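# Survey of secondary and tertiary structure
Chain by chain, the residues:
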Amino acid sequence: MTRDHMQQLIETAQRVLVQNYRPQPLVLARGEGAWVWDVAGNRYLDLTAGIAACPLGHGHPKLAAAIAEQAKQLIHVSNLFYIEPQIRLAEELALRAAPSMGAVRSFFCNSGAEANEAALKLAKRYQTTVLGRPERTSVLSFEGSFHGRSIATVALTGQEKYRSGFGPLIEWARILPWPTTALDPVLQQITELTCAVIIEPIQAEGGIRIPPQGFLRALRDRCTATGTVLIFDEVQTGIGRLGAWFGHQHPEEGAAPDVMSLAKGLAGGVPIGAMVATDALAQGFAAGSHASTFGGNPLATAAGLCVLRTIAEERLLDHVTAMGEHLARGLARLATQHAARVRGVRGRGLLRGLALDGDATPVVQRCREGGVLLSVAGGTVVRFAPPLIVVQAELDQGIEALDAALGA
Ligand SMILES: Cc1ncc(COP(=O)(O)O)c(C=O)c1O
């Protein structure tokens, strides 16, 4: 395969695909660990991990074997029947959610937006049907958030660029200002008339923003006091990304939701989403209240089981914490060396960002030309979301490429 072949594919893509993406000019063909190759045979260090969706990296032998084995047995049957890997995956999630959330139940779907949709529908039904409070209609989210691309999740996404042109959006969705202190007055906007609040433990697409220390706990308290359902969108922060199974279990947090949404890393790159709700909240759905044809199908849940077990067996949570600290030190060095252009270093675990004084896109492009794939978050932040199996030397190579790109 040659560069011409890659160029031809890109030209075809521009003709036959809806032009809703602005991809980097590479057609990727295969991967191994934290590395990928394009169809012309060029190798890149992939520190994007499919937007935080490939915790085990590419071509992980255990995951590839689990998927192949399941594909030979049964790929799909629908929820007209019980599915063993789906049941086992729910058990594994319950085990890992228990320390913060107590007893939980899972509903499986196919993406992060769908997991959030399920969480919103569950909160609504819980308030109206289980508690008999039909007056509680409003759902609140925060400025800078990202919750997905469906109409309801767009309405709750606090960034205008994702909302524009889709109005009028849903009237019960309201976006609150981003808090600046733990006890920010914004909390008073949550009242006895609020149905639910949704928040990311760290705003990822919004530019790797961590809420003020103690805010999530204060939010938990306010939701408990007003009878409001608290939803944590853990689509990007879950499944080990911050060095804990779920972002809210990070030692610096200590606030648990009533419902959390998961997707991305859960099945190592196979499409999946999950809504995990406390036993009490889960009563909001009865047979027929919600469904998904592919949700929790044998293939996706067998992959999910392999991912969770591999993270546990290979002690990847500790590895993420150690690698995250190493990465943070490297980024802090860059912040000093390029002080004129850098506004700060943000993040936890292996979700880190270098905030720049302007558009991060040209910097990410230069990194790609230097053989390292990164992505932009919130317009001005260079995001590192490598596979959880990344090693120190690979992170160093990423830092070096970013150093060169910032110096260029
Ligand atoms: C926090 C968060 N929520 C929801 C989503 C939407 O997930 P999906 O693209 O799988 O629908 C994303 C995707 O980036 C996300 O980061």
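Residues numbered from 1 in each chain as written. Predicted model: local features only at pLDDT ≥ 70, side-chain atom pairs only at ≥ 80, totals over all residues. Heavy atoms only, no water.

## With respect to the pattern of salt bridges
All chains considered together, the criterion is met by 14 salt bridges. Of the charged contacts, one joins Glu 69 and Lys 72 as a salt bridge, the two residues approaching to 3.8 Å between their closest N and O atoms. You can see Glu 69 and its partner Lys 72 sitting in helix α3 (residues 61–73), three residues apart, about one turn around the helix. Residue Glu 69 is classed as partly exposed on the basis of its relative accessible area of 39%. Among the ionic pairs, Glu 252 bridges to Arg 348, the shortest N-O distance being 3.6 Å. Of the two residues, Glu 252 is situated in the loop between β8 (229–233) and β9 (259–262) and Arg 348 in strand β11 (residues 342–348); the sequence distance between them amounts to 96 residues. Within this structure, Lys 62, Glu 313 and Glu 314 form a network of salt bridges that share partners. (Salt bridge = Lys/Arg side-chain N within 4 Å of Asp/Glu carboxyl O. Helix = DSSP H or I, 4+ residues; strand = E, 2+ residues; numbered from the N terminus. Buried < 20%, exposed > 50% of the residue type's maximum accessible area, 1.4 Å probe, protein only.)

## Some points on the pairing of strand β10 (residues 273–278)
Counted residue by residue, β10 has six buried out of six residues, so it is predominantly covered. Strand direction decides the pairing type here: strand β4 (residues 104–109) and β10, joined by six bridges, are antiparallel. Each bridged residue has a counterpart across the sheet, and for Phe 108 the counterpart in β10 is Ala 274. In terms of strand pairing, β9 meets β10 through four bridges, oriented antiparallel. Bridge pairing links Met 260 to Val 276 in β10. (Pairing = 2+ DSSP bridges.)

## Observations regarding the side chain of Glu 200
Relative to the helices and strands, Glu 200 is located in the loop between β7 (194–199) and α8 (215–226). Notably, Glu 200 is buried but unbridged: the nearest opposite-charge side chain belongs to Arg 383, and the N-O separation is 8.1 Å. At a separation of 3.0 Å, a polar atom in the side chain of Glu 200 contacts the main-chain amide nitrogen of Phe 146. Looking at Glu 200, its side chain comes within polar contact range of the main-chain nitrogen of Ala 204, at 3.2 Å. Setting aside residues no more than four positions away along its own chain, Glu 200 makes contact with Ser 145, Phe 146, His 147, Glu 205, Pro 211 and Asp 233. (Lys, Arg positive; Asp, Glu negative; His and termini not counted. Polar contact = N/O pair within 3.5 Å; in protein donor to acceptor, adjacent residues only side chain to side chain. Contact = heavy atoms within 4.5 Å.)

## Some words on the sheet that holds β9
The seven strands lie next to each other as β4-β10-β9-β8-β7-β5-β6, forming an open sheet whose pairing is mixed. Sheet topology places β4 and β6 (173–176) at the edges, where each strand pairs with a single neighbour. Mean inter-strand twist for the sheet, computed between neighbouring axes without regard to direction, equals 20°. In this fold helix α5 (residues 112–130) packs onto β4, β5 (138–142), β7, β8, β9 and β10, with an angle of close to 175° to the strand it touches most, β8. (Axes fitted to C-alpha atoms, helices over the stretch in contact; angles between N-to-C directions.)

## Points about helix α11 (residues 316–337)
The end-to-end C-alpha distance of α11 is 31 Å, a good match for the 32 Å that 22 residues give at a rise of 1.5 Å each. Residues of α11 that are buried: Leu 316, Leu 317, Val 320, Met 323, Gly 324, His 326, Leu 327, Ala 328, Gly 330, Leu 331, Leu 334 and Ala 335. Those residues of α11 that are buried lie in contact with α10 (298–313), β11, β12 (351–356), β15 (381–384) and α13 (392–407). (Expected span 1.5 Å × (residues − 1).)

## Some details on the domain arrangement of the chain
Taken domain by domain, the chain consists of domain 1 (3–60 + 315–407) and domain 2 (74–313). Here the C-alpha centroids of domain 1 and domain 2 sit 26 Å apart. Across the contact, 29 residues belong to domain 1 and 29 residues belong to domain 2. A combined buried area of about 2400 Å² lies between domain 1 and domain 2, and 60% of that area is made up of carbon and sulfur atoms. Considering only the surface of domain 1 that becomes buried against domain 2, Leu 317, Arg 348 and Leu 351 emerge as the three largest contributors, covering 33% of it. Across the domain 1-domain 2 interface, the total number found is three salt bridges. (Domains from an automatic or database assignment. Buried area = accessible area lost by both parts, 1.4 Å probe.)

## Section: unusual backbone geometry
Going from Gly 167 to Pro 168, the amide bond is cis rather than trans, its omega being -5°. Relative to the helices and strands, Pro 168 resides in the loop between α7 (160–163) and β6. Of note in the backbone geometry, Ile 51 takes a positive phi value of approximately 55° without being a glycine. A positive phi angle is found at Ile 239, which is not glycine, with a value near 55°. Mapped onto the secondary structure, Ile 239 falls in the loop between β8 and β9. Ile 239 sits in the buried class, given a relative accessible area of 3%.

## Notes on the environment of Leu 45
If you trace the backbone, Leu 45 turns up in strand β3 (residues 43–46). Relative accessible area serves as the criterion here: at 0%, Leu 45 is assigned to the buried category. In this structure the C-alpha to C-alpha distance between Leu 45 and Gly 371, which are 326 residues apart in sequence, comes to 6.2 Å. Once you skip the residues sitting within four places of it in the chain, Leu 45 turns out to touch Ala 34, Trp 35, Gly 371, Val 372, Leu 373, Glu 394, Gln 397 and Gly 398.

## Observations concerning the packing of aromatic side chains
Aromatic ring pairs are defined here through the distance separating the ring centres and the angle between the ring planes. Using the criterion set out here, one finds three aromatic pairs in the structure. Taking the centre distance of 5.8 Å and the plane angle of 90° together, the rings of Phe 142 and Phe 215 count as edge-to-face. Here the residue Phe 142 occupies a position in strand β5, and Phe 215 occupies one in helix α8, the gap between them amounting to 73 residues. Look at Phe 215 and you get buried, because its relative accessible area is 0%. Plain terms: the ring middles of Phe 146 and Tyr 162 are 4.8 Å apart, the flat faces sit at 65° to each other, and that makes the pair edge-to-face. With Phe 146 in the loop between β5 and α6 (151–155) and Tyr 162 in helix α7, the pair connects residues that are 16 residues apart, well separated along the chain. By relative accessible area, which is 18% here, Phe 146 ends up buried. Arg 43 extends its terminal NZ or CZ atom over the ring of Trp 35, reaching a point 3.7 Å from the ring centre. (Phe/Tyr/Trp six-rings, centres within 6.5 Å; stacked < 30°, edge-to-face > 60°. Lys NZ or Arg CZ within 6 Å of the ring centre and 35° of its normal.)

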